[in-house]
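Spelled out from the first residue to the last, the chains are:
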Amino acid sequence: MTEATEVPAAAGLREMRWWDIDAVFALEKELFPDDAWSRGMFWSELAHSRGPLATRRYVVAMDGDRLVGYAGLAAAGDLADVQTIAVARDHWGTGLGARLLTDLLQAATAFECPQVMLEVRVDNTRAQKLYERFGFEPIGFRRGYYQPGNVDALVMRRTDPSTPAPTGVQGTEIHG
């Protein structure tokens with residue numbers, strides 16, 4: 001096989017920690033140059049991800065020593081919100097996006113949130129297809145949600161995060 005067609009080794013998932021922020025931020029800027037989160041946003045999210053009062057779940061995907069993906073979920077009451085999912089381009093199509101999303105849905109169940117919401121760029125059909133395979137349905141739009149490009153967001157909802165994840169789902173780059 002040539003290097004361009006080799007499938008990367010399965011990445012391992014683990015809880016995101018503060019020392020991952022620089023690598024997460026680098027991947028964030030690479031994948032989402034127009035609307036990347038700041039380091040401060042990741043620090044703020046991680047501040048709510050540990051301890052008995054945690055309301056967040058953030059996870060990273062590691063391929064050896066290289067961070068190749070990350071995802072985050074926020075919970076409030078009976079509602080969870082997928083904050084972000086991203087997969088390095090050379091890991092697209094490996095199922096990593098689906099594994100990250102599965103982890104977030106399991107966290108939503110642990111947080112006792114029967115509904116999971118997300119926003120996804122209207123021009124990110126690859127991510128929308130992944131979400132649909134996991135049972136998310138479009139419920140509306142947020143005009144000009146992604147700035148500075150003034151790109152609309154499609155709002156999607158899944159009403160039962162405890163439903164098993166689909167099989168055979170391929171990974172994707174996602175940002176919510």
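Everything that follows concerns the structure shown earlier in this document.
To start, this report covers the structure provided alongside it. (Residues numbered from 1 in each chain as written. Predicted model: local features only at pLDDT ≥ 70, side-chain atom pairs only at ≥ 80, totals over all residues. Heavy atoms only, no water.)

Structural notes on the packing of aromatic side chains
Selection criterion: Paired rings are identified among Phe, Tyr and Trp, the last through its six-membered ring, by centres lying within 6.5 Å, and are further divided according to the angle between planes into stacked (under 30 degrees), edge-to-face (over 60) and tilted (the rest). Think of it in three bands: with a 1.4 Å probe and only protein chains considered, a residue is buried below 20% of the maximum accessible area for its type, exposed above 50%, and partly exposed in between. Charge-over-ring placement is defined geometrically: NZ (Lys) or CZ (Arg) within 6 Å of the ring centre, and within 35 degrees of the ring normal.
Tallied over the entire structure, the rule returns 6 aromatic pairs. Taking the centre distance of 5.0 Å and the plane angle of 40° together, the rings of Trp37 and Phe42 count as tilted. Seen in terms of ring centroids, Tyr145 and Tyr146 are 5.0 Å apart; in terms of plane orientation they differ by 85°. Their pairing is edge-to-face. The exposure class assigned to Tyr146 is buried, which follows from its relative accessible area of 4%. The structure contains a cluster of three or more aromatic residues connected by ring pairs, namely Trp18, Trp19 and Trp43. Its end group placed over the ring of Tyr146, Arg121 keeps NZ or CZ at 5.7 Å from the ring centre.

A word on a nonpolar patch on the surface
We apply this condition: Note on patches: the residues involved have over 30% relative accessible area and no salt bridge, like charges join within 9 Å, and the nonpolar side chains Val, Leu, Ile, Met, Phe, Trp and Tyr join within 5 Å. In short, Shrake-Rupley with a 1.4 Å probe defines the accessible areas, and a residue's cover is counted only from the protein chains shown. Any carboxyl oxygen of Asp or Glu that lies within 4 Å of a side-chain nitrogen of Lys or Arg is treated as forming a salt bridge with it. A run of DSSP states H or I qualifies as a helix once it reaches four residues; a run of E qualifies as a strand once it reaches two. Both are numbered from the N-terminal end.
On the surface, a cluster of nonpolar side chains totalling about 400 Å² of accessible area is made up of Trp18, Trp19 and Trp43. Here Trp18 shows up in the loop between β1 (12-15) and α1 (21-31).

Overview of the environment of Val120
Mapped onto the elements of the fold, Val120 is located in strand β5 (residues 115-121). The class of Val120 is buried, set by a relative accessible area of 0%. In sequence terms Val120 and Ala153 are 33 residues apart; their C-alpha atoms lie 5.2 Å from each other.

A few points about the pairing of strand β2 (residues 56-63)
Put simply, the rule is: Here, a strand pair is defined by DSSP locating no fewer than two bridges between the strands.
Burial of β2 is extensive: 6 of the 8 residues sit out of reach of the surface. As paired strands, β1 and β2 are joined by 4 bridges and run antiparallel to one another. In the strand pairing of β2, Arg14 is matched with Val60. By the bridge criterion, 8 bridges tie β2 to strand β3 (residues 66-76) in an arrangement that is antiparallel.

These figures capture arrangement, not role.
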